[in-house]
Amino acid sequence: MVEKIRIGALISGGGTNLQAIIDACEDGRIDGKMAFVASDQPGVKGLERARNHNIPCFVVEYGPFIQSFRQDPANFALPDDFDFSAIRAKQHLFPADVPEERVQAFFCTRAAAESRLLSEIDTHGPVDLLVLAGFMRNLTPYFIDRFNTDPGNPRIMNIHPAILPSFPGVDGYGDTFRYGCKVGGCTVHFIDYGEDSGPIIGQRAFPILETDTLDDVKRKGLEQEWQLYPQCIQNFARGRLKTVTLTHRLDDGRICQRTVVKTAHSAEGEFRDDGMAR
Ligand code: GAR
């Protein structure tokens, strides 16, 4: 019998990607079992989807942490192992002109929420992979380093509604549509400390026609997401993904490095970096 990986999911909303992943686990397209679903928003449809499949779920709201910091920053309860300067040095999400107090408030409140998230996750037993399925918060190095304990083997995946690195942020399809792109797409990637950045596992593209509305673009995009995400997760589950840094010498002698995720297409297969539709 094939060994199944244990998958946790973070969501913020409707959870149609979560549903695609649950369905793929149930019908055998993913050799995996959902260990938990967590949301930063109470009452969202995604939680109902998880409950319908008897998947344990919980909510960690970020709002109360943010409010409590605003009310009394001096007495805000930070995690014991929180090291502001170490985290600040690793993550650069803000332009240089953002006041330092705002940056500090961001990292303190996120780390407090993430610490709660990590302890809740711990109560659900070990997980092999964490999937962000419409989770609309940036994770900080506080969380990422505690979950990704082996730096060479990332295990937090995200799906983004654009062909990254174009249009990171909260409205990938909207930004693609408003820019007048002829092609839209979605990307599954391992996360790093940046916003919607990190080694790309798979991408799908679709044409945008003159007659398409933004709703058409979202519909076409989500249809691709529901296929791409389960495929990438299954490749992870079968140990078919390998993140490697390649070094190239350019014509002018300069050295260029890029990190790619190679996929092996069979158990004995070679790992290859071979295109976008996997
Ligand atoms: C999806 O389009 C996903 O790519 C996007 O949110 C939507 C969630 O839909 N994620 C992001 O924008 C992350 N930056 P869903 O809740 O129905 O899966």
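First, a word on scope: everything that follows refers to the structure included in this document. (Residues numbered from 1 in each chain as written. Predicted model: local features only at pLDDT ≥ 70, side-chain atom pairs only at ≥ 80, totals over all residues. Heavy atoms only, no water.)

## Quick notes on the overall build of the chain
In terms of regular secondary structure, the chain is built from 8 helices and 10 strands. What you see for the chain is a C-alpha radius of gyration of 19 Å, in line with the 19 Å of a compact globule of 278 residues. Expressed as a percentage of the 278 residues in the chain, the buried residues total 44%. Accessible surface for the chain amounts to roughly 14,300 Å². Of this, 49% is attributable to carbon and sulfur atoms. Here the chain contributes 31 positive and 38 negative side-chain charges, whose respective centroids are spaced 3 Å apart. (Helix = DSSP H or I, 4+ residues; strand = E, 2+ residues; numbered from the N terminus. Rg over C-alpha atoms; globule rule 2.2 N^0.38 Å. Buried < 20%, exposed > 50% of the residue type's maximum accessible area, 1.4 Å probe, protein only. Areas by Shrake-Rupley, 256 points an atom, 1.4 Å probe, with all protein chains shown as cover. Lys, Arg positive; Asp, Glu negative; His and termini not counted. Charge placed at Lys NZ, Arg CZ, Asp CG, Glu CD.)

## Overview of helix α2 (residues 45-52)
Inspection of α2 places Gly46, Leu47, Arg49 and Ala50 among the buried residues, and these make up the whole buried set. Take α2 and look down its axis: the buried residues cluster within an arc of 155 degrees, on one side only. Of the exposed residues in α2, the ones pointing more than 90 degrees away from its buried face are Arg51 and Asn52. Those residues of α2 that are buried lie in contact with β1 (5-11), α1 (16-26), β2 (32-39) and β3 (57-59). Of the residues one or two after α2, Asn54 is the one with positive phi, at around 55 degrees. (Arc of directions from axis to C-beta. Contact = heavy atoms within 4.5 Å.)

## Description of the pattern of salt bridges
Summed over all chains, the structure comprises 11 salt bridges. A salt bridge links Arg178 to Asp175; the shortest N-O distance between them is 3.0 Å. Here Asp175 and Arg178 lie together in helix α7 (residues 172-179), a separation of 3 residues that amounts to about one turn. We classify Arg178 as exposed; its relative accessible area is 53%. Taking the shortest distance from any N to any O, the salt bridge between Asp216 and Arg219 comes out at 3.4 Å. Taken together, the residues span about one helical turn, with Asp216 and Arg219 both in helix α8 (residues 214-237) at a distance of 3 residues. By relative accessible area, Arg219 is classed as partly exposed at 41%. Residues joined by salt bridges that share partners form a network here, namely Asp171, Asp175 and Arg178. (Salt bridge = Lys/Arg side-chain N within 4 Å of Asp/Glu carboxyl O.)

## Observations concerning the sheet that holds strand β8 (residues 241-249)
Read across the sheet, 3 strands follow the order β8-β9-β10 without closing on themselves; strand pairing throughout is antiparallel. Looking along the sheet, the strands with just one partner apiece sit at the ends: β8 and β10 (271-272). Examined bridge by bridge, strand β9 (residues 255-264) and β10 share 2 bridges and lie antiparallel to one another. Bridge pairing in β10 places Ala264 opposite Phe271. (Pairing = 2+ DSSP bridges.)

## Overview of the environment of Gln71
Among the secondary structure elements, Gln71 is positioned in helix α3 (residues 63-71). With 95 residues separating them along the chain, Gln71 and Ser166 place their C-alpha atoms 37 Å apart.

## What to know about the site of the ligand
In the vicinity of the ligand there are 13 residues, among which Gly15, Thr16, Asn17, Pro161 and Glu225 approach most closely. In the complex, the protein chains occlude 86% of the 450 Å² of accessible area that the ligand would expose alone. Secondary structure elements with two or more residues in the shell around the ligand: α1, β5 (156-160) and α8. (Near = heavy atom within 4 Å.)

## Some thoughts on the pairing of β2
The element β2 is extensively covered by neighbouring structure, given that 7 of its 8 residues are classed as buried. Relative to β2, β1 runs parallel, the two being bridged by 7 bridges. Bridging from a neighbouring strand, Gly8 pairs with Phe36 of β2. Handedness of the β1-α1-β2 crossover: right-handed. Of the pairings in the sheet, the one linking β2 to β3 comprises 3 bridges and is parallel in character. Each bridged residue has a counterpart across the sheet, and for Val37 the counterpart in β3 is Cys57. Viewed along the sheet, the connection from β2 through α2 into β3 turns out right-handed. (Right-handed = clockwise from strand over helix to strand, strands pointing away.)

## Some details on the sheet that holds strand β6 (residues 183-190)
Read across the sheet, 7 strands follow the order β3-β2-β1-β4-β5-β6-β7 without closing on themselves; strand pairing throughout is mixed. In the strand order of this sheet, the two ends are held by β3 and β7 (200-207), each with one partner. Strand after strand, the sheet turns through a mean of 20 degrees between neighbouring axes, direction not considered. The strands that α7 touches are β5, β6 and β7; relative to β6, the one it contacts most, it runs at about 145 degrees. Strand contacts of α8: β1, β4 (129-132), β5, β6 and β7, with the helix running at about 155 degrees to β7, the strand carrying the most contacts. (Axes fitted to C-alpha atoms, helices over the stretch in contact; angles between N-to-C directions.)

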